[in-house]
Every structure is written in C-alpha cells, then in structure tokens.
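Next come the chains, spelled out residue by residue.
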Amino acid sequence: MSPPVAPVGWSRWLVPPAALSVHLSIGQAYAWSVFKPPLESALGLSGTQSALPFQLGIVMLGLSAAFGGTLVERNGPRWAMTVALICFSSGFLIASLGAATEQYWLIVFGYGFVGGIGLGIGYISPVSTLIKWFPDRPGMATGIAIMGFGGGALIASPWSAQMLESFGADSSGIAVAFLVHGLAYAVFMTLGVLLVRVPRGEKPVQSGPSAFEGPQVSARDAIRTPQFWCLWVILCMNVSAGIGILEKAAPMITDFFAESSTPVSAGAAAGFVALLSAANMAGRITWSSTSDLIGRKNIYRVYLGVGALMYLLIAEFGDSSKPLFIVCALVILSFYGGGFATIPAYLKDLFGTYQVGAIHGRLLTAWSTAGVLGPLIVNWIADRQEEAGRSGPDLYGMSFFIMIGLLVVGFVANELVRPVHPRFHIPAPKEAADAVQRQQPESA
C-alpha cells in the first residue's frame, strides 16, 4: 500500500482529524478499569489477574511500535492505520469469544496480544507525518493527535459502563460489550485510513522552518546516544506514575472512600475514570503546546517535579478530602498525557525528523516496561495489604511513595539531557537519502 501523497492545495489541517479517528479508538485501553470489577466477579479473578490484558496490551504496544517503527516510516501512515484497524478490532472479537466461553486466556490473548499490536502500530502511525506537516509547531501537532489516545476513555468509559448495565455484568454481557466495541471501532478507524495523506516533498508549509532543518540522526545511531536512554528513563518513570492510578482508577477511588460518610458508587467511579480521561486528553494538547513556548526540558521539569508533589498530597491527605484526591489525580493524569504528547517533539529537537517515527517507536519500549511496572506495583501491593487485613487508603500508601521515587529518578534523567554530539549527525537530507539507498540490498 503506497503512502497517499496530498494533492496540490491539500490542507494540512485535514491530517489531525485522520489521526484522531485512530487515536480516539485505541484510547479505549484507558477505560479498561471499567471491565476489571465485572471480570473479577464473573471469572473469579484477583486484581492482579484482571489487570493482565491491559498490561500485555501496553507491552505489545511498545514492542510493536519498536519493531514496526521502521515499517511505518517506509510504508506510510495509511498502511499503518490499516494494520492497526485489523489488529485492534480483531482483538476485541477474540476477547468477546473468550468472555462468552469463559476462557480468560482468550481475553488476554485477544485484547492484550492481538489488540496490543494494533495499539502500537496505531499509536505511531500518524506521528512522523504530523511532524512533517507541522514543522513550525511540532508539540501542538502531535498533541492534537495523541490527545485522542488520552481522550478515548472519555467516550469508552461511560459507553462501556452503559453497555454492561444494559447487557449485564456477567460473562455473556461482557462478551456482547466486547463485540460491539470491536465492530464500532473498525468503522470509526476506517475514516482515518481514508483521510490521511503525506506531504508533497520536504516542505509542506509555505512559511516557517523546514521539517528537515537542524541536526538529523538515524534511528540506528539514536539508540547509541545517552540522550535516547535519558528520554527512555524519563518516559518510563512518568508513565509508570500515571498508569498506576489510571489502570486501577475505578476500584481505587471506591476503596479510598468506602469507609467515609460519602462512599463512591460504581457509576461515580466510572465517572471518575472519564474525568481522568478528560485530564489526560487536555494535558496532551495543553502541555505539549506549552512546550513549544517554554521548551521540552522545562515542561518535563513540571511533569516530574509537580507530579511528585501531587502524589505526596494524595498519600498524606487524600483520604480526608475527596476534592483534593480528585484534583491531584487529575493533575497527575494531565502530566501523564502531556508527557506522551511532548516526547515526539523532544525527539525531533534532539534527533531531527529524518527517522523520528522509527526512533519514537523504539522509545515506546519504555511504555511497555511502565505498562507492567505501574499496575504491578499498585495491584501487587494492594493485594498483599488486603491479605494482611488492611483496607481503604492503606491499600495504596506504599505504592504512592514508590511512585514519588520513580518521578524523582525521571527528574534527574531530564536534567542530564544535552544536545546530541555532532558525530551522530547526518549532515543533509540528500546524504540521508543516499544513506537509505546504501542500506537497501542491490537488485539482482
């Protein structure tokens, strides 16, 4: 499938909606916590077990993005969006079969493995193209698209809760909900496949800087630099801290205030998940656009430093004030989303646009690690505390202090970021193209 080239006069503002149609769909992953209590009840699972499809999905997201990044650069966004559509929708259909037959391994395989491949390819599918269309505002451009991934749960969370209420929260009701998700998202993602275009030549914008100005570094050389690994640590720590709340959001707020005078109902917990999704989504466009003004390093100082302060406030005072708990969680999730949306522009600043999609794909292995680390810390500690007879906020206190430590590690890594040494640079776009030709095997 050849990348579709934009005709003369094509508006670059048609590309973000194409990206949004894909990201809003795959962003359903952030609403997984709505399915956790019904699955635990219907199939007799622990909190750690019910998190497994989500964790595997995030692992496969990072791995498929890492291994597929070069293919996305080579084959273009339409090919990538098509692969994402097939895998993500098929994952739901397989999970539906697993729920209907009460075979939990099929839910893990479908949603986590197959669907996770769709997550990874879909996530990186528009990033390189958007940066090339918007070289003058890379933070804003990637923020618009990646905002959709953060906002997917804003739609999926109440939608999923309503379906479980209508179809039932038993295994058959869950199966129907998965089936509807798979079919509906296939239709919606098709819009992006049909609409996306790549720019003509290297300067899609008539004014403003060229997308290929400044230092350019290949994906192969980028992973040999300390800057890449500093960014890997930054992303991993920021994601671990945010995903620890997000994956267990519904049961967490219920547990926190279960013994208070105003306990949180299942419907209100689903609403809290939707609020977190809104903060995640808003942070992606707001903070990434802010990074165009104050710089990537400064914005990550905010994400990591203020994020640690928010966790401290929840750990110390969260159970005494529901508004404080909610506000701190919303701020943490806005930084979590902002970190995702800003990282492609940070990569562009350091490594250029030559193979930024492939570099971004490799960096998302940090997300795979965090997708296991964050939920594992929160769920494992909560399960152990529950076994010890504790309840309410006591289930999460230790987890929150661990998250503070992770954010401090990320803050230090951000301070160590420096410009890439010139020995890694590719001098000019023409030489970069020549390098690509030299890497390709000669025809017989």
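Residues numbered from 1 in each chain as written. Predicted model: local features only at pLDDT ≥ 70, side-chain atom pairs only at ≥ 80, totals over all residues. Heavy atoms only, no water.

The protein chain carries the name OFA family MFS transporter in an unreviewed UniProt entry, which gives Streptomyces neyagawaensis as its organism.

Chemist: What am I meant to see in unusual backbone geometry here?
Modeler: Outside of glycine, negative phi angles account for most residues, and trans bonds account for most peptide bonds. Not every positive phi belongs to a glycine, and glutamate 102 is a case in point at roughly 60°. Structurally, the position occupied by glutamate 102 is in the loop between helix 5 (77–101) and helix 6 (104–124). (Helix = DSSP H or I, 4+ residues; strand = E, 2+ residues; numbered from the N terminus.)

Chemist: Would you mind going over the layout of surface pockets with me for this structure?
Modeler: Which parts of space are left empty comes out when a probe the size of a water molecule is rolled across the atoms. Quantified by volume, the second largest pocket comes out at close to 320 Å³. If you trace the second largest pocket, you find 17 residues lining it, with Val34, Pro37, Ala266, Gly267 and Ala270 closest to the centre. Listed by contribution, the elements that provide at least two residues to the lining of the second largest pocket are helix 2 (36–43), helix 8 (138–167), helix 12 (249–256) and helix 13 (266–294). Considering every element that reaches the lining of the second largest pocket, the biggest residue donor is helix 13, with four residues. Residue classes in the lining of the second largest pocket are distributed as twelve nonpolar, four polar and one charged. (1 Å grid on protein atoms, 1.4 Å probe; cavity = no way out; pocket = protein on both sides within 12 Å on 5 of 7 lines; lining within 4 Å. Points joined across faces, edges and corners; volume = space filled by probe spheres on them. Nonpolar A, V, L, I, M, F, W, Y, C, P; charged D, E, K, R; others polar.)

Chemist: Please explain the nonpolar core as it appears in this structure.
Modeler: One broad rule of soluble globular proteins: the nonpolar side chains tend to lie buried together. Residues Leu231, Phe351 and Trp367 are the most contacted members of the largest nonpolar core, which totals 122 residues. If one sorts the elements of this core by residue count, helix 15 (residues 322–351) sits on top with 14 residues. Excluding residues that lie within four positions of it along the chain, leucine 231 makes contacts with Ile343, Tyr346, Leu347, Leu350, Phe351, Leu363 and Val417. If you look at the next biggest cluster of nonpolar residues, it comprises twelve residues, including Ala6, Leu130, Met140 and Ala141. (Core = buried A, V, L, I, M, F, W, Y, C linked by side-chain atoms within 4.5 Å. Buried < 20%, exposed > 50% of the residue type's maximum accessible area, 1.4 Å probe, protein only. Contact = heavy atoms within 4.5 Å.)

Chemist: Would you mind showing me how to read the environment of glutamine 355 here?
Modeler: Note on placement: glutamine 355 falls in the loop between helix 15 and helix 16 (356–363). In this structure, the C-alpha to C-alpha distance between glutamine 355 and phenylalanine 188, residues 167 residues apart in sequence, is 29 Å.

Chemist: Looking at this structure, I do not really get the pattern of salt bridges. What am I missing?
Modeler: Where charged atoms from two side chains of opposite charge approach closely, those side chains can pair. Taken as a whole and assessed by the stated rule, the structure comprises eight salt bridges. The shortest N-O distance in the salt bridge between arginine 137 and aspartate 136 comes to 4.0 Å. With relative accessibility at 29%, the residue aspartate 136 sits in the partly exposed group. Two residues, arginine 296 and aspartate 292, come together in a salt bridge whose shortest N-O distance is 2.8 Å. Through salt bridges with shared partners, one network takes in Arg12, Asp136 and Arg137. (Salt bridge = Lys/Arg side-chain N within 4 Å of Asp/Glu carboxyl O.)

Chemist: Before we go on, may I ask you to explain the confidence of the model for the protein chain in this structure?
Modeler: Interpretation of this model should avoid reading the predicted coordinates in detail wherever pLDDT is low. In this model, the protein chain carries a mean pLDDT of 86, and residues with pLDDT of at least 70 account for 92%. Across the protein chain, element-level confidence peaks in helix 5 with a mean pLDDT of 95 and bottoms out in helix 19 (residues 429–439) with 52. Note that pLDDT drops below 50 for residues 202–211; the model gives that stretch 19 contacts with residues more than four away or on any other chain. (pLDDT = per-residue confidence, 0-100.)

Chemist: So what exactly am I meant to see when it comes to the side chain of serine 25 here?
Modeler: Turning to its location among the elements, serine 25 is positioned in helix 1 (residues 15–26). With a relative accessible area of 0%, serine 25 lands in the buried category. Once residues lying within four places of it in the same chain are set aside, the contact partners of serine 25 are Phe88, Tyr185, Phe188 and Met189.

Chemist: Any chance you could explain the packing of aromatic side chains here in plain terms?
Modeler: One pair of aromatic rings is described through two measures. These are the centre distance and the angle between the planes. The full count for this structure, using the stated rule, is 32 aromatic pairs. Ring geometry for tyrosine 123 versus tryptophan 367: centroids 4.9 Å apart, planes at 70°, classification edge-to-face. Within this pair, whereas tyrosine 123 is found in helix 6, its partner tryptophan 367 is found in helix 17 (residues 365–387), the two being separated by 244 residues in sequence. Residue classification places tyrosine 123 among the buried residues on the basis of a relative accessible area of 0%. Residues tyrosine 311 and phenylalanine 400 carry aromatic rings whose centres are separated by 5.4 Å and whose planes lie at 50° to one another, so their mutual orientation is tilted. With tyrosine 311 in helix 14 (residues 296–317) and phenylalanine 400 in helix 18 (residues 397–415), the pair connects residues that are 89 residues apart, well separated along the chain. (Phe/Tyr/Trp six-rings, centres within 6.5 Å; stacked < 30°, edge-to-face > 60°.)

Chemist: Before we go on, may I ask you to explain the packing of helix 15 against helix 16 in this structure?
Modeler: One way to put it is that helix 15 packs onto helix 16 with a least axis distance of 10 Å and a crossing angle of 125°. The orientation of helix 15 with respect to helix 16, classified from their angle, is oblique. In this structure, helix 15 meets helix 16 at a crossing whose hand is right-handed. Between helix 15, through Ile343, Pro344, Leu347, Lys348 and Phe351, and helix 16, the contact on the second element is made entirely by Val356, Ile359, His360 and Leu363. (Axes fitted to C-alpha atoms, helices over the stretch in contact; angles between N-to-C directions. Parallel < 35°, antiparallel > 145°, perpendicular 65-115°, else oblique. Left-handed = near helix turned anticlockwise from the far one by under 90°.)

Chemist: Would you mind going over helix 17 with me for this structure?
Modeler: Each full turn of the α-helix corresponds to 3.6 residues, which orients residues three or four apart in the same direction. In this model helix 17 runs 33 Å from its N-terminal to its C-terminal C-alpha over 23 residues, within 8% of the 33 Å that 1.5 Å per residue would give. The sharpest bend along helix 17 measures roughly 30° and falls at leucine 376. Glycine 389, located one to two residues past helix 17, shows a positive phi value of around 90°. (Expected span 1.5 Å × (residues − 1). Bend = angle between axes of the 7 residues up to and from the residue.)

Chemist: Which parts of the structure should I look at to understand a nonpolar patch on the surface?
Modeler: Side chains of Leu93, Leu179 and Leu183 sit close together on the surface and give an oily, nonpolar patch of about 250 Å² of accessible area. Take leucine 93: it is sitting in helix 5. (Patch = residues over 30% accessible without salt bridge, like charges linked within 9 Å, V, L, I, M, F, W, Y side chains within 5 Å. Areas by Shrake-Rupley, 256 points an atom, 1.4 Å probe, with all protein chains shown as cover.)

Chemist: Help me understand helix 6 in this model?
Modeler: Spanning 21 residues, helix 6 covers 29 Å between terminal C-alpha atoms, matching the ideal 30 Å at 1.5 Å per step. Taken as a whole, helix 6 carries its principal kink of about 35° at glycine 115.

Chemist: Sorry, what's going on with the packing of helix 14 against helix 18 here?
Modeler: Between two packed helices, the angle of one axis relative to the other and the distance separating the axes together describe the packing. Where helix 14 meets helix 18, the closest approach of the two axes is 9 Å, and the angle between their N-to-C directions is 165°. In terms of orientation, helix 14 and helix 18 fall into the roughly antiparallel class. Helix 18 is crossed by helix 14, and the crossing has left-handed handedness. Residue-level contacts link Lys297, Tyr300, Arg301, Leu304, Gly305, Gly307, Ala308, Tyr311, Leu312, Ile314, Ala315 and Glu316 of helix 14 to Phe400, Phe401, Met403, Ile404, Leu407, Gly410, Phe411, Asn414 and Glu415 of helix 18. Split by residue class, the contact of helix 14 with helix 18 holds 13 nonpolar, four polar and four charged.

Chemist: Is there a simple way to explain the side chain of serine 368 in this structure?
Modeler: Turning to its location among the elements, serine 368 is positioned in helix 17. Of the polar contacts made by the side chain of serine 368, one reaches the backbone oxygen of isoleucine 58; its length is 3.3 Å. Within polar-contact distance, the side chain of serine 368 engages the backbone oxygen of valine 59 at 2.6 Å. Setting aside its immediate chain neighbours within four residues, serine 368 contacts Ile58, Val59, Leu61, Gly62 and Leu63. (Polar contact = N/O pair within 3.5 Å; in protein donor to acceptor, adjacent residues only side chain to side chain.)

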